Amino acid sequence: MSALFGRKREGAIAALVKKGKLAEASVALANRLLGLLEERGHASLNGETWTVVAKTGLPAAVEILRAVLADHPDRGAEVVLATRAASLLPKILKDGPREKPYGSSTVGHAGGGAPLVSFGAKALAKLVAEHVAKAPADRPIRILEIAAGSGALTRALAPLAENPRVTLAVTDPDATVAERLRFAFASLPNVTVEAFDPANEASAGHSADLIVGALAWGASTASPEAIRRLAAHLDDGGLLALAALEPTPFLDVVFGLQTGWFSRSASDDFPIGDARSAEDWRADLADARLVDATVASLADARSPTNLILAAKRRSSGAAELTAAGKARATVLVSEASGPLAGAIARALEAQGRTVDPRPFGGASNGSAVWGETPDLGLAAAPKNASEPVADVIVVLDGSEVDGSAAVTERSGRLLGLTRAAQAAGARLWVVAEGSLAGALGQPRDRLDNAAIGGYLRVVRNEFRGTDIRLVDVALDAKAAGLAVAAEIAEPRADTEIAIGPEGVSAPRLRPGLPKLPVKAATGGHRVAALEAGREGGLDDLGWRAAPSARRAKARSRSRSRPRASTSAT
């Protein structure tokens, strides 16, 4: 800074900009550096004029960095950043901040395995593992990791995705970094990788139950808009869990050389870096309407680190309907008005609901038009409803039917009921014994109801905004009624479930190939070659088995031998 002000060691920021000694874009950085010097008694401000002392009595920056590296060799990443910052600082002040002042490997190491951020990542991974372990065993958990960077947190989270109910979506704002992450992790079961920048993109294409991120210095979520976008990405009841460094002079000096680091500042005279304080986090979480927010400092972290937790409360309309079950309209449509339908009705009434029974027939005027919408006595769906406001339960409790004509007729009636549920903003429940047993390997399937189950999958694709559930129940009437009513009161994430003596199960697709047993090596090293296929590029790279040196040599000898001739007499 003394070189910037010249021999007099004093001057005004505006004058330095006018003379061309200081870039306009570097004013915030200069004010931050002068503020740090002032805090330590090495600079003073009189009006608009700064005065810098001639000597601070401190060793040269190079000597300080050497001492830090000698005493703390594991701090190498931070020393590299500081050394690079010291060499670039005069140019940055004159020419302006740079988009990428540091190499990707330097930033990757500092934001991954270095002590600067590693403690926060470990604490966050432990918290996520505990959250998954405590979650109900029958509920899927969708985890979205943001700003994955070098993949330090991803490596700790990937084993959780070996559980079939856990999916892990790994993202990073940088497309090149995302490609490296995809090459490293996308082949793992239940793991996907994509580029996603919460600061500029409204959606990564999927919602999540848990959003996590070891944010390091927090550039990817610096703006309040990024937090609001992440909040919109969370499902009701979801959790946001982040680990982020607290603001420090080191971060402002090192990353102040980077374009946009002081973008949160209201004025260049009072620069604020991307790293948030606990108060900043609480304010931005409240602005995003994330409740039960907790921001705690990690006691044993090598660098000041905050752990941020916040939950998304269910929408007020859904919460009111959940709390007041009597206000939720419930229509029960029974095919045969058998014992199962009666048991379900009694169990729902025991919950305080008023059940409106309806026949499983055609339209109210007696016509038999296929797929016609019946009148269920429900009001039209309210505008801007975020969740279903009513329940329509269809019980297929008639005798088993043969032939495609009968199944087609029932499908038409279900289509009409689906249209009625959609118009009323209702959740549609189809209770059909034996509809899923075959898919789950259970010996109690009914072919007619299994056909209805397949038909409902097609209908579900056509009616994307309607929640359509299929329940296969195989219990006595009373127990089945109680079980179905319990599912209706607290719906699971699964849209298809089977309830039987063995409990509740659900058919799910698991991505990737099943794991095969690996045979123990018989001796020597396994040899493989990394080759690119015909298409080329990263997507076509793969390990392919190569012959061992011993086998290759034996094959070569066999080719060189003359063939033996035989004759028959």
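Anyway, here's the lowdown on the structure attached to this text. Computed from a predicted model, the values in this text were never measured in an experiment.

## Some points on unusual backbone geometry
Reasoning step 1: With phi around 50°, A147 is a residue other than glycine that occupies positive phi space.
Reasoning step 2: Turning to its location among the elements, A147 is positioned in the loop between β4 (141–145) and α8 (152–157).
Reasoning step 3: Backbone geometry at N190 places phi at a positive 65°, although glycine is not the residue there.
Reasoning step 4: Residue position: N190 is located in the loop between α9 (175–185) and β6 (191–195).
Reasoning step 5: For N190, a relative accessible area of 5% translates into the label buried.

## Remarks on the pattern of salt bridges
Reasoning step 1: All told, the structure shown has 23 salt bridges when counted by the stated rule.
Reasoning step 2: Note that D467 and R427 form a salt bridge whose closest N and O atoms lie 2.7 Å from each other. On the criterion of sequence distance, the pair formed by D467 in the loop between α16 (447–462) and β15 (468–473) and R427 in strand β14 (residues 426–432) is long-range, its members being 40 residues apart. Assigned by exposure class, D467 and R427 land together as buried.
Reasoning step 3: Salt bridges here are not isolated pairs; linked through shared partners, they connect E335, R410, R446 and D448.

## Section: the sheet that holds β14
Reasoning step 1: An order of β12-β11-β13-β14-β15-β16-β17 is seen for the seven strands of this open sheet, with the pairing classed as mixed. Both edges of this open sheet fall to β12 (355–359) and β17 (503–505), since each of them pairs with a single strand only. Pairwise comparison of adjacent strand axes, ignoring direction, gives a mean angle of 20° for this sheet.
Reasoning step 2: Here four bridges tie β14 to β15, and the two strands are oriented parallel to one another. Looking across to β15, one finds that L428 is bridged to I468.

## Examining α9
Reasoning step 1: Among all positions of α9, only V177, A178, L181 and F185 are buried. One side of α9 carries all its buried residues, which in axial view fall inside an arc of 100°.
Reasoning step 2: Considering only its buried residues, α9 is in contact with α8, β5 (166–172) and β6.
Reasoning step 3: With a side-chain oxygen lying 2.8 Å from the backbone nitrogen of T176, the N-terminal cap of α9 falls on D174.

## Overview of a negative patch on the surface
Reasoning step 1: Together, E24, E48, D268 and D269 make up a region of like negative charge exposed at the surface.
Reasoning step 2: Taking relative accessible area as the criterion, E48 reaches 63% and is therefore assigned exposed.

## Considerations on the nonpolar core
Reasoning step 1: L29, L93, W217, F255 and L257 are the most contacted members of the largest nonpolar core, which has 36 residues in total.
Reasoning step 2: If you list the elements that add at least two residues to this core, you get α1 (2–5), α2 (13–19), α3 (27–39), β3 (49–52), α5 (76–95), α7 (115–134) and α11 (249–255).
Reasoning step 3: Here the element with the most residues in this core is α5; it accounts for seven residues.
Reasoning step 4: Excluding its chain neighbours within four sequence positions, the residues that come into contact with L29 are L89, I92, L93, D252, G256, L257 and F262.

## A few points about the packing of helix α15 (residues 404–424) against α16
Reasoning step 1: With their axes 10 Å apart at the nearest point, α15 and α16 run at an angle of 40° to one another. Of the possible angle classes, the one that applies to α15 and α16 is oblique. In the crossing of α15 with α16, the sense of the turn from one axis to the other is right-handed. Contact residues: α15 offers V407, R410, S411, L414, L415 and T418, while α16 offers D448, N449, A451, I452, Y455, L456 and V459.
Reasoning step 2: Counted by class, the contact of α15 with α16 contains eight nonpolar, three polar and two charged residues.

## Quick notes on the packing of aromatic side chains
Reasoning step 1: Applying the stated criterion to the full structure yields two aromatic pairs.
Reasoning step 2: Relative to F255, the ring of Y102 lies with its centre 6.1 Å away and its plane at 75°, an arrangement referred to as edge-to-face. Note that Y102 is positioned in the loop between α5 and α6 (104–110) and F255 in helix α11, a separation of 153 residues in sequence.
Reasoning step 3: Site record: aromatic cluster; members linked through ring pairs are Y102, F255 and W261.
Reasoning step 4: A cation over an aromatic ring shows up here: R276 above the ring of W281, its NZ or CZ 4.5 Å from the ring centre.

## Some words on the packing of α3 against α5
Reasoning step 1: Across the interface, α3 lies against α5 with an axial gap of 9 Å and an inter-helix angle of 130°. Relative to α5, α3 is oriented oblique. Contacts from L29, A30 and L33 in α3 reach L89, I92 and L93 in α5.
Reasoning step 2: Here the residues of the contact of α3 with α5 are counted per class, giving six nonpolar, no polar and no charged.

## Describing helix α17 (residues 477–489)
Reasoning step 1: In this model α17 runs 18 Å from its N-terminal to its C-terminal C-alpha over 13 residues, within 8% of the 18 Å that 1.5 Å per residue would give.
Reasoning step 2: Within α17, the full set of buried residues consists of A480, G481, A483, V484, A485, E487 and I488.
Reasoning step 3: Where α17 is buried, its residues touch α14 (339–350), β13 (390–396), β14, β15, β16 (496–500) and β17.

What counts and what doesn't
Think of each chain on its own: its residues are numbered from 1, step by step along the sequence as written. Given that this is a predicted model, residues contribute local features only at a pLDDT of at least 70 and side-chain atom pairs are listed and counted only at 80 or more, while totals for whole chains, interfaces and linings are drawn from all residues. Values shown for side chains rest on all heavy atoms present in the structure; no hydrogens or waters enter the calculation. Where helices and strands are cited, they refer to DSSP runs of H or I of at least four residues and of E of at least two residues respectively, numbered from the N terminus. Partly exposed describes any residue whose relative accessible area lies between the buried limit of under 20% and the exposed limit of over 50%, with all areas from a 1.4 Å probe on protein chains only and scaled to the type maximum. Salt-bridge detection follows one rule: a side-chain nitrogen of Lys or Arg within 4 Å of a carboxyl oxygen of Asp or Glu. For two strands to be treated as a pair, DSSP must find no fewer than two bridges joining them. Axis lines are fitted through C-alpha atoms, for helices just across the contact stretch, and the angle between N-to-C directions can take any value from 0 to 180 degrees. Within this analysis, the arc is defined by the directions that extend from the helix axis to the C-beta atoms. Two residues qualify as a contact provided that any one of their heavy atoms is within 4.5 Å of a heavy atom in the partner residue. Any N or O atom pair separated by 3.5 Å or less is treated as a polar contact, with the protein-specific requirement of one donor-capable and one acceptor-capable atom, and with residues adjacent in sequence counted only for side-chain atom pairs. Patch definition: residues above 30% relative accessible area lacking any salt bridge, with like charges linked at up to 9 Å and the nonpolar side chains Val, Leu, Ile, Met, Phe, Trp and Tyr linked at up to 5 Å. Using a 1.4 Å probe, the Shrake-Rupley method yields the accessible areas, and only the shown protein chains count as cover for residues. Only four residue types enter the charge count, namely Lys and Arg as positive and Asp and Glu as negative; His and the chain termini do not. In plain terms, the charge of a residue is placed at NZ if it is Lys, CZ if Arg, CG if Asp and CD if Glu. What we call a nonpolar core is a set of buried Ala, Val, Leu, Ile, Met, Phe, Trp, Tyr and Cys residues that are connected through their side-chain atoms within 4.5 Å. Here the angle decides the label: under 35 degrees means roughly parallel, over 145 means roughly antiparallel, 65 to 115 means roughly perpendicular, and every other value means oblique. Put simply, a crossing is left-handed when the front helix is turned counterclockwise from the back one by less than a right angle, and right-handed when it is turned clockwise. Residues are grouped as follows: nonpolar covers Ala, Val, Leu, Ile, Met, Phe, Trp, Tyr, Cys and Pro; charged covers Asp, Glu, Lys and Arg; every other residue, Gly included, is treated as polar. Two aromatic rings from Phe, Tyr or Trp, using only the six-membered ring of Trp, form a pair when their centres are within 6.5 Å; if the ring planes differ by under 30 degrees the pair is stacked, by over 60 it is edge-to-face, and anything between is tilted. By definition here, charges over rings are those cases where NZ of Lys or CZ of Arg is within 6 Å of the ring centre and within 35 degrees of the ring normal. In this scheme, a helix's expected span is set at 1.5 Å multiplied by one less than its residue total.

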